[in-house]
Amino acid sequence: LKSMLLRKTGLKRRHLIATNWRSKTHLPAYFLARDIKRRKIVLCIRGTLSPKDVLTDLCCTAEDFMSHEEEIALNMTSSESSGRGFRKLYRTRARAHEGMLKSARGVANATHGLISSELASNPDYDLIIVGHSLGGGVAAVLGTFWRDTFPGLKVYGYGSPCVGPIDSHPTISNSIVSVVGESDPFSCLSLGHLADASTMLSKFCEDKILRETILNNTRSDVEELDESELKWCLKTMNNLAKDLKAEKFYPPGRVLQMKGSYFGPVTDDVTLTEVSQENAFRDLRFHPRMF
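Residues numbered from 1 in each chain as written. Predicted model: local features only at pLDDT ≥ 70, side-chain atom pairs only at ≥ 80, totals over all residues. Heavy atoms only, no water.

1. What about the overall build of the protein chain?
Per the secondary structure count, the protein chain includes nine helices and ten strands. Looking at the protein chain as a whole, 42% of its 291 residues are labelled buried. Once local pairs closer than 6 in sequence are excluded, the contacts in the protein chain between residues at least 24 apart make up 69%. Of the roughly 16600 Å² of accessible surface on the protein chain, a fraction of 55% belongs to carbon and sulfur atoms. (Helix = DSSP H or I, 4+ residues; strand = E, 2+ residues; numbered from the N terminus. Buried < 20%, exposed > 50% of the residue type's maximum accessible area, 1.4 Å probe, protein only. Contact = heavy atoms within 4.5 Å. Areas by Shrake-Rupley, 256 points an atom, 1.4 Å probe, with all protein chains shown as cover.)

2. Brief notes about unusual backbone geometry
The omega torsion of the bond from His169 to Pro170 falls at 5 degrees, within 30 degrees of zero and hence cis. Looking at the element boundaries, Pro170 is found in the loop between β7 (154–158) and β8 (176–181). One non-glycine residue with positive phi stands out, namely His26, at about 65 degrees. Here His26 is to be found in the loop between β1 (16–20) and β2 (30–35). Phi at Arg39 is positive, roughly 60 degrees, even though this residue is not glycine. For Arg39, a relative accessible area of 42% corresponds to the partly exposed category.

3. Concerning the packing of aromatic side chains
Enumeration over the complete set of coordinates arrives at one aromatic pair. Plain terms: the ring middles of Trp146 and Phe150 are 5.0 Å apart, the flat faces sit at 90 degrees to each other, and that makes the pair edge-to-face. The class of Trp146 is buried, set by a relative accessible area of 0%. Given a relative accessible area of 6%, Phe150 falls into the buried group. (Phe/Tyr/Trp six-rings, centres within 6.5 Å; stacked < 30°, edge-to-face > 60°.)

4. Points about the pairing of strand β3 (residues 40–45)
The sheet contact formed by β2 and β3 spans six bridges and is antiparallel. The partner of Leu32 across the bridge, within β3, is Leu43. Here six bridges tie β3 to strand β6 (residues 126–132), and the two strands are oriented parallel to one another. Bridged to Ile45 within β6 is Gly131. (Pairing = 2+ DSSP bridges.)

5. Some words on a nonpolar patch on the surface
Residues Phe186, Leu189, Leu191, Leu194 and Leu284 make up a contiguous nonpolar surface patch of roughly 430 Å² in combined accessible area. The residue Leu194 is located in helix α6 (residues 191–206) in this model. (Patch = residues over 30% accessible without salt bridge, like charges linked within 9 Å, V, L, I, M, F, W, Y side chains within 5 Å. Salt bridge = Lys/Arg side-chain N within 4 Å of Asp/Glu carboxyl O.)

6. A closer look at the sheet that holds β3
Hydrogen bonds between backbone groups are what pair the strands of a sheet, and the pairing can be parallel or antiparallel. Strand order in the open sheet formed by eight strands is β1-β2-β3-β6-β7-β8-β9-β10, with mixed pairing between adjacent strands. What marks the edges here is a single partner per strand, and that holds for β1 and β10 (271–275). In this sheet, neighbouring strand axes are inclined to one another by 20 degrees on average, regardless of whether the strands run parallel or antiparallel. One ladder, built from five bridges, connects β8 with strand β9 (residues 254–259); its direction is parallel. When the bridges of β9 are listed, Gly181 appears paired with Met258. (Axes fitted to C-alpha atoms, helices over the stretch in contact; angles between N-to-C directions.)

7. A short note on the side chain of Gln277
With respect to the secondary-structure elements, Gln277 resides in helix α9 (residues 277–281). Within polar-contact distance, the side chain of Gln277 engages the backbone oxygen of Gly253 at 2.9 Å. If we skip the residues at most four places from it in the chain, Gln277 touches Ile166, Thr171, Tyr250, Pro251, Pro252, Gly253, Val255 and Arg282. (Polar contact = N/O pair within 3.5 Å; in protein donor to acceptor, adjacent residues only side chain to side chain.)

8. Quick look at the nonpolar core
Core analysis: the largest hydrophobic core is formed by 33 residues, its most contacted members being Leu43, Ile45, Leu127, Ile129, Leu142 and Trp146. Those elements that provide at least two residues to this core are β2, β3, α4 (98–121), β6 and α5 (134–145). Excluding residues that lie within four positions of it along the chain, Ile129 makes contacts with Leu43, Ile45, Ala139, Leu142, Gly143, Trp146, Leu153, Lys154, Val155 and Tyr156. (Core = buried A, V, L, I, M, F, W, Y, C linked by side-chain atoms within 4.5 Å.)

9. Let's talk about the pattern of salt bridges
All told, the structure shown has 15 salt bridges when counted by the stated rule. Arg38 is the salt-bridge partner of Asp35, the closest N and O atoms lying 3.0 Å from each other. For Arg38, a relative accessible area of 56% puts it in the exposed group. One connected set of salt bridges, linked through shared partners, spans Asp64, Arg95 and Glu247.

10. Topic: the side chain of Ser187
Counting through the fold element by element, Ser187 comes out in the loop between β8 and α6. Of the residues examined, Ser187 reaches a relative accessible area of 3% and is grouped as buried. Of note is the side chain of Ser187, whose polar atom sits 2.8 Å from the backbone oxygen of Asp184.

Here it is in structure tokens:
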């Protein structure tokens, strides 16, 4: 594996700092390397591959967390005997997928010392965290956890899944860039999405008139619907959306949506467009390339 990594990346063996090829529960596989050309320390986290990774995916409730520096400050405050009590130390709200948070802590514990040593020895270097799929989600959470620890840190996720709610870090972080394919089902799939889908299915099962009305008004393809039918569809969707109140997760940071034939023969241009998380990933979506 090490030889393959060196061959594929062009890294020199002496610039490969550390590797962990085997995933454990809440500790995904990763490698740590120096990019001497760009003056970066690169931490790359692998996506879902083993059954241990699947266990991380399944821990999908949300949990609040502090940055690494805030946790240190809290520990120092809790050990003081001055009687001042606990101060509110959250600088910004951070809330994320529990399994990814636990995995981020696992990677942090394994690599923090090495990264700190490397950056101390190379003061003109910055840290970049890169991940794919589950690894992209873990990278985003880890980047948020270390946001005060390593100035200049950037995170790049590819095929990033839903990580946290719309109003907190890492979802709103500008230091994270996520590249998501338009047909990626995991970009709009979280426990909240499934809860809302269940609510809608229950409503359709209970309301025969609504069910039949929707079928009657949507028998044609979208392109063939007239203006009145389209307005009815929009009004109905907005009314139904009022009952959808579950907490959804979204892909983190600035999200670039990839469109085009990026798998198989290239038949059209591949494009990247920055999109709004709430508009693009609020609802479950289906695309021909999913099947």
